Amino acid sequence: MKPFHKVNEQDLAAFEMIMPGRVYAGDAIRDDYDHDEMTEYGHFMPDALLLAEDAAEISAVLLYCNEHNIAVTPRGAGTGLCGGCVAIEGGIVLSTERMKRVLEVDVKNMTATLEPGVLLMEFPKSLEGTGLFYPPDPGEKSATIGGNVMTNAGGMRAVRYGVTRDYVLGMEVVLANGEIIELGGKVVKNSSGLSLMHLMIGSEGVLGFLTRLTVKLIPEPRANLTLLAPFDDLDKCVQAVPQVLACGCEPTAVEFMEREVIAAAEEYLGKQFPDVSADAYLLLRLDGPSPELLEPALETLTDLLPTLGAKDVLLADTDERKSSIWDARGAFLEAIKNGTTSMDECDVVVPRENIAAFVKQSVLIGREAGVRIRSFGHAGDGNLHLYICKDALGEEEWACKRESVMAALYDYARELGGQVSGEHGIGHAKAGYLRQSVGDTQMALMRGIKAAFDPNGILNPGKLID
C-alpha cells in the first residue's frame, strides 16, 4: 500500500469548506489529541483535527480523504487504553465530540436513538421518568457511547445483562468512500443475510465511521442490594465465584478486589472503605423489582459465602454505604495510575473456572520479574484487569520487563483458553498479541473483510489488524 498523503494547505481549505471554523492544524491542535488514556503507548499528533457535527460532513470528509489517500482516525472522548484513537499514520483525526444529541427515546419500542458522541454518564438523564434503562456499564463514564460500540465495551453489569453488542439494534455508518448506509433498525430480531452491523461492533473504526445508533432499553430495576464478602486470601475469593454464579441468585455484578488496590483507592479518593480486615473481597450487586423479591437471593448468598471461605457477608443497606464501596471500585484504575510513574495494562479474559489459576500465576509472574502487578476485575465473566507498574525502574529495564511480563500473561491466558481483550479492544498496542492469539487464518479473514469495506485502507490505519 502506498504511503499516505500528508495534509497540506489545499486539503485544509477543502475541509474548511465542509465544516467552517472546525478545522485545526499545527499548534491549534491541543496535546490531548495525540494520545489516549494510556500514554505509555506513545504520542502521535495528527496533521489536522476536524470536529464533525453530522453524517453529511463526515461523508464529505471521507469521500475527499479516500480520493486523496489521507489517513482518517475516528475519535470520541479519547478515553481508550490501547491507542485505538491516535493518528499513528498522521492524516486527520475526525472527532464526534460535538455529535452528542439523544435523538429519540421510544418508550413503546423500548429503544433510544442517539449520536455517537453522547457520553455514557449523560445518557441516563435522557431516560429519567421512562421506567427504562440502558444496562451496559463500562467503568469509564466519560467515554462516548460510540466508542463503547466500537470496542464492544463491557463493564461490571455484563455478568447478568451482557455487553454493548447485546444492546445495539441499528446504526448509521459512513463507509470509506463516503457512502452512508443503514444497518439493522428497531426490530428485536433479524435474520436477513450476513450481519454487517455486528461486524461493525468492536471493529474500532477500521471498517466504517459510526454516525448514529439505535440501542435496546429494558425495564429499570426498582431495587438493588450490595454485598461485600471479605476473604483471607485471593485464591479462596476467586475460587468462590463459580459457585456464586451457579446458586441461582443471578447477580448483576461480581467483582474481585485486593487489599492493596482498595488502599490505593482510599488514598486517591480520601474516603475510607467500609472494611479493611481482609486480603481480598468479592463485591456483589443484586437487582430486582422490589426489596422483598431480593430477600431469597440475599439469604442464599448470606448462607453460601461463609461455606466458601468468606469471613463475613456485609450488607450495604444505605446509599452512603453503597457509595463508599462503588466509588472505590470505580476509582481503581486512576488510583493505580496515580501511584506509579507509568504502567501497562493486560485486559485479559479467561473461562470463569480458570480465574483463580490465572490470578495465582500472575502473582508468580510479577514476583519472578521483580515488578509490581495490581489486579482487579469482573470475576463474574472472567475479565481481569492487571496493571504492571513501572515505579522506580529505569526506561531500559522497564521496557524489557514490561515486554516479558505482558508476553507471559498473554501466553498463560492462551493456555487457559482465554483471549487478548475482554472489553478494552486492541488498538495498535495489542495488535501483536492478537496475531499470536488468533493465528494466521483468522487474521487473513479479518484483513479480507477490511479490504472489502475500505479498499484503500484509510480508516484508522495501524490498528487492530494492520
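Residues numbered from 1 in each chain as written. Predicted model: local features only at pLDDT ≥ 70, side-chain atom pairs only at ≥ 80, totals over all residues. Heavy atoms only, no water.

The chain is annotated in an unreviewed UniProt entry as FAD-binding protein of Candidatus Avichristensenella intestinipullorum. Reading the Cofactor (unreviewed entry) entry of the UniProt record for the chain gives the comment "FAD". (UniProt positions renumbered as here; feature names shortened; annotations may be inferred.)

## Observations concerning the nonpolar core
In terms of nonpolar packing, the biggest core is built from 91 residues, with F123, M171, L282, L305 and F358 touching the most fellow members. No other element matches helix α14 (residues 395-415), which puts 7 residues into this core. Every residue in contact with L305, bar those within four places of it in the chain, is listed here: A229, F231, V244, L282, L284, A310 and V313. Counting 26 residues, the second largest nonpolar core, distinct from the first, contains L81, Y281, A316 and F332. (Core = buried A, V, L, I, M, F, W, Y, C linked by side-chain atoms within 4.5 Å. Buried < 20%, exposed > 50% of the residue type's maximum accessible area, 1.4 Å probe, protein only. Helix = DSSP H or I, 4+ residues; strand = E, 2+ residues; numbered from the N terminus. Contact = heavy atoms within 4.5 Å.)

## Side note on helix α13 (residues 355-369)
Every α-helical turn comprises 3.6 residues, leaving residues that sit three or four positions apart pointing alike. The first and last C-alpha atoms of α13 sit 21 Å apart over 15 residues, in line with the 21 Å expected at 1.5 Å per residue. If you check which residues of α13 are buried, you get I355, A356, F358, V359, S362, I365, G366 and A369. Each element contacted by the buried residues of α13 is listed here: α7 (234-239), β13 (253-258), β16 (343-349), β17 (372-378), β18 (383-389) and α14. Positive backbone phi, approximately 75°, marks G370, located one or two places after α13. (Expected span 1.5 Å × (residues − 1).)

## Considerations on the pattern of salt bridges
Side chains that carry opposite charge are capable of pairing whenever their charged atoms lie near each other. Scanning the entire structure with this criterion turns up 27 salt bridges. For the salt bridge of E115 with R101, the shortest nitrogen-to-oxygen distance reads 2.9 Å. One end of the pair, E115, is in the loop between β6 (111-114) and α3 (123-126); the other, R101, is in the loop between β4 (92-95) and β5 (102-106), with 14 residues separating them in the sequence. Residue classification places E115 among the buried residues on the basis of a relative accessible area of 5%. (Salt bridge = Lys/Arg side-chain N within 4 Å of Asp/Glu carboxyl O.)

## A closer look at the sheet that holds strand β9 (residues 180-184)
The strand order across the open sheet formed by 5 strands is β5-β6-β10-β8-β9, and the pairing between neighbours is antiparallel. The open sheet is flanked by β5 and β9, the only strands paired with a single partner. Direction aside, neighbouring strands of the sheet carry axes that sit 15° apart on average. Where β5 and β6 come together, 4 bridges link them in antiparallel fashion. Within the sheet, the bridge partner assigned to E104 lies in β6 and is T113. In this fold helix α2 (residues 55-68) packs onto β8 (168-174), β9 and β10 (209-216), with an angle of close to 50° to the strand it touches most, β8. (Pairing = 2+ DSSP bridges. Axes fitted to C-alpha atoms, helices over the stretch in contact; angles between N-to-C directions.)

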